[in-house]
Amino acid sequence: MPPTRRAAASLGRFWRVVASRVIESAAVVLALASLVFVALRVLPGDPARLVLGDAAGEADLARVRATLHLDEPLLAQYARFLRGLSRVDLGDSLRRPGTSAMARVGEALAPTAELALVAVTVGAVAGVLAAVAASGPWLPRRGRAWIDRGLVVAAASPLVAFAPVVTWVLAVRARVVPLPGDPDAGAGGLLFASGLLAVPLAAHVGRVTRAALAEVAGAPFLTVAGAKGARPLRVWVVHALPAVVGPIVTVVATQLGALLGGAVVLERMFERWGLGTLILEAYATRDLPVLEGAVVAAGLLFVTAQALGAAVHVAIDPRARGDR
Amino acid sequence: MRRGRWLHLAPLAAVVVACALGAVLAGGPAARLDPARAWCAPSAARLLGCGEAGVDLMAVVSSAALRAVALAVAVSLLSFAIGTPLGVAAALARGRLERLVERACDLVQAFPTFMLALAVLSAVRAPSRVHIGAVFALTAWAPFARLALAQTRVLRGAAFVEAAVALGRGRAGVLLRHVMPNVLGVVAVQLGSTGAAIVVSEAALAFVGLGPRDGVSLGGVLDQGVAAMLRAPHVLVAGAVAVFATSAAMLAAGRAAER
């Protein structure tokens, strides 16, 4: 095959991979949205009573049922729900009449995306650095073994257990970071919260990268690079790392769900405004349109990040799109 | 059979015994309030101190950890019982079913489980432990199915399985005698990490306010601890150590199945 045609075929495969990811992402969002819908309407219990409580009168219940269209047949409700999703309009918030549910979700999306983005960046960079330090010749053997052990321990540490303790040590005892709930926490607060969120991710990235680097460590292309006079740093970072991008991107993608859950925990702990806080508030006040919108938005955030990761992977690594 | 494999169960046994002892020593129900002692520091009478409204932390932490272990063991075994046959069946059926189960595992494993739990639990007013366990089981079967599928795929082409078929053993005989014993050992290793994940997720759910309705949960203790971080740090430490010890013991117990 001439080079131009090969490049065109490769590009075609790239778009095919992207297209299949988009379809899969849409399926995940649809599944999550449908689960929320089904859970709120089909499970035993009257949603209108969930909203108003047991003491509510029949007239009020009827009014809420009409607002939420609960008096229509289930399929009609489902069609209306899907139409609303496609138009990004799930009706007004029950607790703040006049504000659309999606507007409240949009307000909350940015802080959570910011938190998650900083956490993914910090976690991926820290994990890769730890793996390179543990693989390269710079540290003594014992130091490298300690990095490996540290990664294992960090990967097994639950965020919900260590985050409060670390916060207590650093915010209350050492007073180097803002206290939870501090409204003036600013960039320091964001950095600290994302740093905590990044720890499990960094540990998983570090372990996987370490294993992948160990696999390519003896490969001829690294020996050649070393024989041509490249320094160890250049050999590991410029030659070895690009070959293991696949596992790194995959492990980041599989950790995203956990990261989103961790973001909810941390938002609650630091009293930060965000998608997690909004979901919990909507849950506590039974604001069903906001709850549905927020969960779907969280799912959307999740699949978008995953699809971006996959696109980066196939763009960097020709093996991922089946090129020979 | 590897010697000393039961040693891996020792941490879990230690956690359970310590919690049972703690519950007995503390006496009385976990939810007993004693407002005069609210947030009191650890002392001889209250070994772990008190929390909000004077609950005895020793009683709360031990019974919460015991309940978390019970939930984790029940859900992991249930997911094991659902996922393993599904994976084996998919690998033996080959073709479309195999691909379908594989894709389903991919999707479920990549799912934001915590969001799913929030969404489904919002349909009940105050979730019970059964509700919470059911939500975890919705996604926990996938790793078992994936492992069983991968292992069966290796086994279905193995020489000893071929030999058994050639010697005239029936499908059921090959499955029970040759495939299953080699699948179960590999899949059972997952029990530990699933159990640990459930202990942690239950604590995380309770931490953000979706705990079981009896209020006895390690996440509830952590929530109290964060709220009273400045005046009663012992609450925080007790909750964090309990979550860490329980999940680590679960992880270690999973290694008992390793060969």
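That block above? That's the structure.
Just so it is clear, the model here is predicted, and its values are computed rather than measured.

About the cut-offs
- Residues numbered from 1 in each chain as written.
- Chains lettered and ligands numbered in written order.
- Predicted model: local features only at pLDDT ≥ 70, side-chain atom pairs only at ≥ 80, totals over all residues.
- Helix = DSSP H or I, 4+ residues; strand = E, 2+ residues; numbered from the N terminus.
- Buried ≥ 20, exposed ≤ 12 C-beta atoms within 10 Å, placed from the backbone.
- Contact = placed C-beta atoms within 7 Å.
- Expected span 1.5 Å × (residues − 1).
- Arc of directions from axis to C-beta.
- Axes fitted to C-alpha atoms, helices over the stretch in contact; angles between N-to-C directions.
- Parallel < 35°, antiparallel > 145°, perpendicular 65-115°, else oblique.
- Left-handed = near helix turned anticlockwise from the far one by under 90°.
- Nonpolar A, V, L, I, M, F, W, Y, C, P; charged D, E, K, R; others polar.
- Core = buried A, V, L, I, M, F, W, Y, C linked by C-beta atoms within 7 Å.

> Where do I start with the overall build of chain B in this structure?
The helix and strand tally for chain B stands at 10 helices and zero strands. Going from the N terminus to the C terminus, chain B shows its helices and strands as α-α-α-α-α-α-α-α-α-α. Seen along its three principal axes, the alpha-carbon backbone of chain B occupies a region of about 75 × 45 × 25 Å. Within chain B, the fraction of its 259 residues that count as buried is 50%. Expressed as a percentage of contacts within chain B between residues at least 6 apart in sequence, the contacts between residues at least 24 apart total 71%.

> Please explain the overall build of chain A as it appears in this structure.
Scanning chain A from terminus to terminus reveals 13 helices and zero strands. Going from the N terminus to the C terminus, chain A shows its helices and strands as α-α-α-α-α-α-α-α-α-α-α-α-α. Counting only C-alpha atoms and orienting by the principal axes, one finds that chain A spans roughly 85 × 65 × 30 Å. Per-residue burial over chain A gives 38% buried out of 324 residues. If you take every contact in chain A between residues at least 6 apart in sequence, the share linking residues at least 24 apart comes to 71%.

> Would you explain helix α2 (residues 57-93) of chain B in this entry?
In an α-helix there are 3.6 residues to a turn, and that puts residues three or four apart on one side. Its 37 residues place the ends of α2(B) 53 Å apart at the C-alpha level, agreeing with the 54 Å of an ideal helix rising 1.5 Å per residue. Two residues or fewer past α2(B), B:R94 is found with a positive phi of approximately 55°.

> Sorry if this is basic, but what is going on with helix α1 (residues 10-26) of chain B here?
Residue and element names in this part refer to chain B. With 17 residues, α1 should cover 24 Å at 1.5 Å per step; its first-to-last C-alpha distance of 24 Å lies within 8% of that length. Along α1, the positions that sit buried rather than exposed are L12, V15, C19, G22, A23 and A26. All buried residues of α1 project into a common sector of 95° when viewed along the axis, lining one side. Looking at α1, the residues exposed on the side facing more than 90 degrees away from the buried face are A13, A14, V17, L21, V24 and L25. Buried positions along α1 lie against α2 and α10 (233-254).

> Would you mind going over the packing of α2(B) against helix α5 (residues 129-155) of chain B with me for this structure?
The relative placement of two packed helices comes down to the angle between their axes together with the axis-to-axis distance. All names here are of chain B. Two elements in contact, α2 and α5, have axes separated by 6 Å at closest approach and are oriented at 40°. Accordingly, the angle class assigned to the pair α2 and α5 is oblique. In terms of crossing hand, the pair formed by α2 and α5 is right-handed. A breakdown of the residues in the contact of α2 with α5 according to their chemical character gives 21 nonpolar, seven polar and four charged.

> What's the story with the interface of chain B and chain A in this structure? I'm lost.
Size of an interface: often given as the accessible area lost when the parts come together. In this assembly, 36 residues from chain B lie in contact with 38 residues from chain A. Looking at the side of chain B that touches chain A, the elements that each hand over two or more residues are α3 (95-110), α4 (113-121), α8 (190-207), α9 (218-227) and α10 of chain B. For the side of chain B that touches chain A, the leading source of residues is α10(B), giving nine residues. Looking at the side of chain B that touches chain A residue by residue, the class counts come to 29 nonpolar, six polar and one charged.

> When you look at the nonpolar core in this model, what are you seeing that I'm missing?
One broad trend across soluble globular proteins is that nonpolar side chains are buried collectively. Residues A:V160, A:A294, A:V295 and B:V61 are the most contacted members of the largest nonpolar core, which totals 169 residues. Ranked by residues supplied to this core, first place goes to α2(B) with 18 residues. Residue contacts for A:A294: discarding those within four places in its chain leaves A:V105, A:A108, A:L275, A:L278, A:I279 and A:A282.

> Can you walk me through the packing of α2(B) against α8(B) in this structure?
Residues and elements named next belong to chain B. For the pair α2 and α8, interaxial distance at closest approach is 8 Å and the crossing angle is 135°. In terms of their interaxial angle, α2 and α8 are classed as oblique. For α2 against α8, the interelement crossing comes out right-handed. For the pair formed by α2 and α8, the contact residues are A68, L71, A72, V73, V75, S76, S79 and F80 on the first element and L191, T194, G195, I198, V199 and E202 on the second. Residues belonging to the contact of α2 with α8 are distributed by class as follows: nine nonpolar, four polar and one charged.

> Would you mind going over the environment of A:L301 with me for this structure?
Residue and element names in this part refer to chain A. By the element assignment, L301 lies in helix α13 (residues 288-316). Note: C-alpha distance between L301 and T112 (189 residues apart in sequence) is 9.5 Å. Excluding residues within four positions of it along the chain, L301 makes contact with L109 and A113.

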